[in-house]
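Summary of the model geometry
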Amino acid sequence: MKNSTFALAALLTIFVVGCGNSSSSEDTPGGKAGIKTPPGGSAKKTYVVGVSQCNLGEPYRAQMNKDLEDAAKDHPELKLVFKDAQNDSLKQRSQVEEFVQDKVDFLIISPKEAQPLTEPVAKAFDAGIPVVVLDRALMGDKFTMFIGADNKEIGKAAGKWLVKKLNGTGNIVELKGLMTSTPAQDRHNGFREGIAGAKFNIVFESEMKWLEPEARKEMDSALARAPKIDAVYAHNDPGAHGAYLAAKAASRDKGVIFIGIDSLPQEGQGYVKQGILAASFQYPTGGKEGIQAVLDLIAGKKTEKTMVLKSRVFTPENVDKGGDPLE
Amino acid sequence: MTAPLVELTEIHKSFGANPVLKGVNLELQSGEVHALAGGNGAGKSTLINILGGNITDYTGTIRIDGESKKYAAAADAIRGGIVVIHQELSLIPTLSVVENLFLGDPLTKRGLIDRKAMEAEAARILKRFEIDVDLRAPVQELPLSTRQLVEIAKGLRHKARVVVMDEPTSALNEIETQRLFGIIAELQRQGSGVLYISHRMEEIAQIATRVSVLRDGQIVATGTPRELTPDVIAAHMVGKPLEEVKLQVQADANMVGEVLLNAEEINFSRAGQTVVDHISIQVRAGEVVGLAGLEGAGASEVLWTLFGAHQKGGSCKMTLKGNPVDCASPKKSKTAGLALVTNDRKTTGLVLCASIEENAALPSHAKYARFGWLNTKAMLRAMDILCRSFAVKSANFSEAVSSLSGGNQQKVVLAKWHHTNPDVILLDEPTRGIDVHAKVQIYEQILKWKREGKGLLLISSDIHELILLSDRIEVMKQGKVVRQFSREDATAESVMRATISA
Amino acid sequence: MSALAKLRPTLKTAEFRAIMAFAIVLGLGFIFSGDGSFFRLGTHRDALRQVSVYGILACGMSVVVISGGIDLAVGSILALVAVALSKLVIHLHFSPLLGVLIAIAIGGIAGLLSGTLVAFGKLQAFIATLAVMVFSRGIAKFVSGGQKVATNITAPDGTSTFVEVPGLFRAIDNKILGDNVSVVTIIFVVCFLITWLLLSRTKWGREVYAIGGNEEAARLSGIAVKRSKLLAYVLSGMFAAVAGICQAAQEQQGDPEAGMGYELTAIAMVVMGGTSLLGGRGSVGLTMIGILTIGYLEKILSINAVPESGRLVITGAIIVIAVFAQNRR
């Protein structure tokens, strides 16, 4: 009995630890295609693009993969091979190394964090694989192109939008992401810049850790402490939605403006359409632009080293026509 | 005259408001075996723990070689040459014999564990004690008696001037006991003093040079074994001589009725090794059948097989009052009218952390349940009456059963099975490690069951007890019944010889 | 002196110590009242609502822990049930009653799986329920396609439609008795009472204690050990399902990522109450005190808008102090 227990523990460990690697190669039979293509040939018919995603558990990153896929649909010469690092830097590192081993033609990576991944990506770059980095930047310059949005700018835009909407006065609640993460810090600092000069009272601010149930709890506390709330700014759309549910449960949702960030079609844009959020500010995935960069590189066009994505704002008025670009 | 090896004067110790030792005076000379007798709760364990450095907040003085000593911890006492061999096994079940022997102070070479040296040393120690055992086997795989011998060997590995032994033979058979006595004699010759605690009067008579009786925290009698005969000691301990039980047994001797239990083809094998080999057993109403045998002869396994308690490897064809019984699980056997009192109340008999009443009610929940719903009031009332009738000594039956002394715990075990109203009761060492007073009560209970027409199957390593209670004795060896004795021709010597003869 | 001496036995009980920990936390609330919001009724109503989902899990966990096991799967079962229920009542328009029955059945089956592995497969509870935890989370992600199952339904061509929030969700995420009590709190209290009755008033409940205290002695007393253990996990699974229903109703959606780490909070609540992880000791009443202690601690930290880092430190410290006090017997 003891032996079987041990065996199962070992099996489980393999399952839990190893499923990221094994599933990716099963998912995509095209993974081996890169080896088949003649080496160094300039007249290739297909190009293998390795995509290393840091965590598919987040809807935002699932959307990024979907955007990549959609953008590549019209280009049969591109074969995308996806790998999910399950929020583990070391796993992502070994995935990058696998792509180098498989001699992929391009590497698109959305890194979990800079420090542990800069070097492996640099090695891939040195091995002659063009690298497009999405969303989070790496250190140094050993990559082909970085495509990302500016959280601080988006936060600032949200602040300015709110100032305009409330004519510069009101009681504000800010529900923050994990403040140990850069996006939360940027979205916070940008927002504060955006509202600078307005007569806003921040009546309550706390961390909801990007999680909707937590946002609802924190909003309960905000409602308990602040008799009057005019607007809630949450660092992501689920957070804004959680805040809305709390206010609604307390029958205090009328006259309160809820705004959030990310604007994923399933989440933020949906909430705007339902009239729950007054605005959602897009944090673009860069999926489309990433594929375009690859196509440009194939065509031999010159690409920028850094590309800052333009964000859009979605409001009930413009959501059906796809939102408006932020100025 | 030289100072005694150990001299305790006016030792007092209380737990809370409850005084346990009330001025104990005791001395131990070099080369002496001083036996200490006393009922459970008399204060023996406390006294040992004070001597061994486990309890430090006492009053009174301890002199070693005339010098006043106060040990701060058990390790201190060991360094001072005092070794206590506890009744509760302190071995770690999952570690090997070697690892246990050197637990706490392994032999090292350049800072690393020196496995080879330890194994050689262990082999030497075990040879001295004539313990035949695989050094690398985890202790949990050894029979209880072997474990106890390893425990003793572990204690005596250190050079000891004072050796305290608490019930060292409770799990040993006759041969192993004699071997231990040989070791004690050797210690005597070396000039060590042995403080020997036992419930077994014949042992005291055999090896002690002096006997003291502890009752209620005081020494009530000290003398030579010749002065303090077993009956005198027992009288000092409880004031109730065993003679009464003997008279009762004789009066009840021939009340045997029709066959209750008829079991044939009892087989049990463990890991492919036959332990019980095609034996048959009959028990009649009002009959006590004794099963004698050394450790490993398969007697306990017979009881477990009959009760369906072995998870696998056991089988038998059995009828109870003429009805076939499937010995597949304890639940089925219980329903059919069997009960099993196991030989280790702490690991298999009781749920130690549960209350007295919970333990007593454990096999009988169904009696008080309708559609799974318990009538707790009725149940607790019945348990109160039950525990009182079994003379379980506790102010409050909702206290944890672990708060009871060994004898009272054993009474709870008997009570819980009594309440299932069994026809046949299987008793495995029902008096192991309990004092004379509780023993007498358990004997009386066995006789009561007998009078009620129940059948009893009894195992006891105390051969005198077995002979006293059994109407018939079956001697087992290597899984087979090798001889049978009737009450008339069973003597301690003849039964013992049968258990060890080829 | 005599008064103190009389008190001494009381001071030693697990109940008293658990209540002391709770009292300390409440005391914190009086001192750090968040501008007086601690003294408003609504705050307490919310605190009790917020702790309900955890509390329901902790009730089931108590039974498993008392039986000598542990159930790591409850958080994942919660997510699986939340996703399945949302799918059923939002997308497939099942009747509320049928949806709830199926949801509870799913929880029961997941618990049955854990229980079978533990009782009949003789796996260690930690490993068996870890397997079921991973497995359930996988099924939840598979069923939902990794997306939240909400009232926003996207067709394959990208257009999305919206449906009403189901009445079932609105009914559960409601307040009654003059808006003073949340429905989920009522559900939690009912789960607590069921657990309390099962543990203290049924044959099975007493057997669970005996098995946790000494499984071998229980077996040799003719108790159906395997069946009783199995049932403990089934109950825990069903309670996880009830928690999942409450979670879905409060979020108005089924999130496959919901309930992450909730099993650890539930275990912390059980231990905080003074129920021993070794099994055989404790009660769901004690767990209730643990639930309130942790729930109120969270609420007090929240109304004071304490940063996350501070919350982790304070929560950790309170758990250590409480458990330390419990072990000093």
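Okay, so let's go over this structure.

**Thoughts on the interface of chain C and chain A**
Listed per partner, the contact involves 42 residues of chain C and 37 residues of chain A. Between chain C and chain A, roughly 3300 Å² of surface is buried when both sides are summed, and carbon and sulfur atoms account for 47% of that area. Sorting the residues of chain C by area buried against chain A places K148, F162 and E308 of chain C first, and these three jointly supply 15% of that buried surface. Taken together, chain C and chain A are joined by six salt bridges. Linking K217 of chain A and E298 of chain C is a salt bridge whose minimum nitrogen-to-oxygen distance equals 3.7 Å. One can count 16 residue pairs in polar contact (both at pLDDT 80 or more) joining chain C with chain A. The set of elements that each furnish at least two residues to the side of chain C that touches chain A consists of α3 (41–66), α6 (125–144), β1 (152–154), β2 (160–162), α11 (225–251), α13 (284–303) and α14 (308–327) of chain C. Looking at the side of chain C that touches chain A, the element that brings in the most residues is α3 of chain C, giving five residues. Here the residues of the side of chain C that touches chain A are counted per class, giving eleven nonpolar, 16 polar and 15 charged.

**Here we look at the packing of α3 of chain C against helix α8 (residues 183–201) of chain C**
Residue and element names in this part refer to chain C. Close contact between α3 and α8 brings their axes to 8 Å; oriented N to C, the two are set at 15°. What the angle tells us is that α3 and α8 run roughly parallel. As for the relative orientation of α3 and α8, their crossing is left-handed in sense. On α8, the residues touching L48, R49, V51, S52, G55, I56, C59, V63 and I66 of α3 are V184, T185, I187, F188, C191, F192, T195 and L199. Of the residues in the contact of α3 with α8, the class split is twelve nonpolar, four polar and one charged.

**Notes on the packing of aromatic side chains**
Two measures describe an aromatic ring pair: the distance that separates the ring centres and the angle between the ring planes. Residues and elements named next belong to chain A. Summed over all chains, the structure comprises 13 aromatic pairs over all chains. Where Y47 meets F106, the ring centres are 6.2 Å apart and the plane angle is 55°; that geometry is what we call tilted. Taken together, the residues span a long stretch of sequence, with Y47 in strand β1 (residues 47–53) and F106 in strand β3 (residues 106–110) at a distance of 59 residues. Here Y47 matches F106 in class, with each residue buried.

**Things to note about the sheet that holds strand β2 (residues 78–84) of chain A**
In sheet architecture, strand pairing relies on hydrogen bonds along the backbone and comes in two forms, parallel and antiparallel. Residues and elements named next belong to chain A. Pairing is parallel across the open sheet formed by six strands, whose spatial order is β2-β1-β3-β4-β5-β11. Bordering the open sheet on either side are β2 and β11 (306–308), each of which pairs with just one other strand. Shown here is a sheet whose adjacent strand axes are inclined to one another by a mean of 15°, direction ignored. As judged from the three bridges shared by strand β4 (residues 131–134) and strand β5 (residues 145–148), these two strands associate in the parallel manner. Following the sheet pairing, V132 is matched in β5 by M145.

**Digging into the sheet that holds strand β14 (residues 273–284) of chain B**
Residue and element names in this part refer to chain B. The strand order β14-β13-β16-β17 describes an open sheet built from four strands, whose pairing is antiparallel. Both edges of this open sheet fall to β14 and β17 (323–325), since each of them pairs with a single strand only. Sheet twist, expressed as the mean angle between neighbouring strand axes with direction ignored, is 10°. Bridge count for strand β13 (residues 259–270) against strand β16 (residues 314–320) is six bridges, and the pairing is antiparallel. Following the sheet pairing, N262 is matched in β16 by T319.

How each quantity is defined
- Residues numbered from 1 in each chain as written.
- Chains lettered and ligands numbered in written order.
- Predicted model: local features only at pLDDT ≥ 70, side-chain atom pairs only at ≥ 80, totals over all residues.
- Heavy atoms only, no water.
- Contact = heavy atoms within 4.5 Å.
- Buried area = accessible area lost by both parts, 1.4 Å probe.
- Salt bridge = Lys/Arg side-chain N within 4 Å of Asp/Glu carboxyl O.
- Polar contact = N/O pair within 3.5 Å; in protein donor to acceptor, adjacent residues only side chain to side chain.
- Helix = DSSP H or I, 4+ residues; strand = E, 2+ residues; numbered from the N terminus.
- Nonpolar A, V, L, I, M, F, W, Y, C, P; charged D, E, K, R; others polar.
- Axes fitted to C-alpha atoms, helices over the stretch in contact; angles between N-to-C directions.
- Parallel < 35°, antiparallel > 145°, perpendicular 65-115°, else oblique.
- Left-handed = near helix turned anticlockwise from the far one by under 90°.
- Phe/Tyr/Trp six-rings, centres within 6.5 Å; stacked < 30°, edge-to-face > 60°.
- Buried < 20%, exposed > 50% of the residue type's maximum accessible area, 1.4 Å probe, protein only.
- Pairing = 2+ DSSP bridges.

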